[in-house]
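Residues per chain, in single letters:
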Amino acid sequence: MAFRASLGRAAVTAAARRPAGLAVARFYSQTSAAAAAAAAAAAVPNPDPTEDSPSGKLVRAHAPFMVATYSRPPPVFVKGEGSYLYDLDNRKYLDFTAGIAVNSLGHCDAETTRVLAEQAGTLVHASNLYYNPWTGTLSKLLVDKTKESGGMWDAAASFICNSGSEANEAGIKFARKAAKVADPSGAKHEIVSFKNAFHGRTMGSLSATPNPKYQAPFAPMVPGFRVGELNNVEALPELVTEATCSVIVEPIQGEGGVRVATDEFLLALARRCREVGAVLHYDEIQCGLSRTGGFWAHSRLPREAHPDILTTAKALGNGFPIGAVIVNAKVAGKIKVGDHGTTFGGNPLACRVAVSVVERLADAGLQSAVKAKEQTFRQGFERLRQRFPELVSEVRGKGLILGLQLTEDPAKIVTAARERGLLVITAGENTLRFVPSLVMSEDEIREGLAILEAAVEATRA
Ligand SMILES: Cc1ncc(COP(=O)(O)O)c(C=O)c1O
């Protein structure tokens, strides 16, 4: 259970109130009905911090002042190192989440920290009104590494911003502008996205995120958005029409439950986009930057299936906020001075960090290690599936963006894993999502899988 900021100062859950370790036995012994639970909780090696712990006290002091947009579990993280996070109560957690597919080089990676500190002492920000050495270096590096990887063959230029939502927002605007230049009537303005997609929380990117949970509180959405079914090739002629200016798609849907777009679908989609003169926009914010074992998830696809717009963020700064849009000349040529802008986007500090991160994530050795690590995960998942066939129904994903489809809500397993020292997150409907750092060792992966198995076992009681 989570500390819920929305419940205010005294808000603690039953789980958070529970005393840790051996003390828990005394606590629960007051009620004979809870004797079994007491024994189980006493055996948990990493119990969630209690209300009276330093973490509990800090949360109570801070939560009322934080707009309650998230429901968080009790630990307060104060330090990260490689594959591990440490909380205020000095508990250690193996991290299968990497800050939601962000810390691909691990927490507090030494080289990233060095570069960050060096640039912080040189030039942090001077605004987009002037040139600096790093915005252009990163813009070119993204284009070069994309082409070298076999991805987006006609990548030409980049726009640097601060987040994934902003990158998609820029991509949506660029597509609308490109269509308006081609057809000034404005008739070509529709944007197509797919069920279970997640493209962000700003109004444009949210309008392409057809999840009622996210959209309903903020309706109406931006006009002109249509929704299709991922991997439904037959529906494409009706879905993508002369009125379509852009189709935005994640080659692997992350938040939506780790759902992989088939090659056949992406090829057919690209073909249809070309037929009607629509821009194809791949959102690789979660699945890109070597997470699948290729630099981009689409890098292995033939040219015909390459995008006109490619968005990235998350791992781009290994935790430092940054996003980017890569476009071909067809799109770049239609964008004029003043069409779009950002105060912070492309500042030398973020770009210097991203240059270092991209150079390292583009490494072929790292990419083949990702593929080997995928197999280690899959072996662990297969073991789980065999032990708990009624629970594990499917394994999806590629490289180190993997989903374990369960037949029940994974919340209890997530808590049981955390209380055994492992952080995992969910996605979509009853999916456990695995997006660890790409440099996590095979031993750490095996250690995490063993904890996961113990957590699942504990929740079967
Ligand atoms: C595929 C995808 N696109 C866009 C976003 C939005 O990125 P951000 O949260 O940086 O705005 C996310 C975030 O989870 C994502 O996974």
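Residues numbered from 1 in each chain as written. Predicted model: local features only at pLDDT ≥ 70, side-chain atom pairs only at ≥ 80, totals over all residues.

- An unreviewed UniProt entry lists the protein under the name acetylornithine transaminase, with Remersonia thermophila given as the organism.
- Database annotation for the protein, UniProt heading Subcellular location (unreviewed entry): "Mitochondrion".
- The Cofactor (unreviewed entry) comment attached to the protein in UniProt states, word for word, "pyridoxal 5'-phosphate". (UniProt positions renumbered as here; feature names shortened; annotations may be inferred.)

### A word on the pairing of strand S16 (residues 401-406)
Here's step 1: Along S16, six of the six residues are buried, which leaves the element largely enclosed by surrounding structure.
Here's step 2: Side chains Ile-401, Gly-403 and Gln-405 project from S16 onto one buried face, and the interleaved Leu-402, Leu-404 and Leu-406 project onto a second face that is buried too.
Here's step 3: Both strand S15 (residues 392-398) and S16 contribute to a ladder of six bridges, which runs antiparallel. When the bridges of S16 are listed, Val-395 appears paired with Leu-404.
Here's step 4: Between S15 and S16, which follow one another and run antiparallel, lie two residues, and Gly-399 among them has a positive phi close to 60°.
Here's step 5: As defined by bridge partners, S16 adjoins strand S19 (residues 431-434) across four bridges and the pair is classed as antiparallel. Of the residues in S19, the one forming a bridge with Leu-404 is Leu-432. (Buried ≥ 20, exposed ≤ 12 C-beta atoms within 10 Å, placed from the backbone. Helix = DSSP H or I, 4+ residues; strand = E, 2+ residues; numbered from the N terminus. Pairing = 2+ DSSP bridges.)

### Section: the sheet that holds strand S13 (residues 309-312)
Here's step 1: Within the open sheet, the seven strands sit side by side as S6-S14-S13-S12-S9-S7-S8. Their pairing is mixed. The open sheet has two free edges, formed respectively by strand S6 (155-161) and strand S8 (225-228), since each of these has just one partner strand. On average, each strand axis in the sheet is tilted by 20° relative to the strand beside it, whichever way the strands run.
Here's step 2: The pairing of S13 with strand S14 (residues 323-328) spans four bridges and is classified as antiparallel. Bridge assignment links Leu-310 to a residue of S14, and that residue is Ile-326. (Axes fitted to C-alpha atoms, helices over the stretch in contact; angles between N-to-C directions.)

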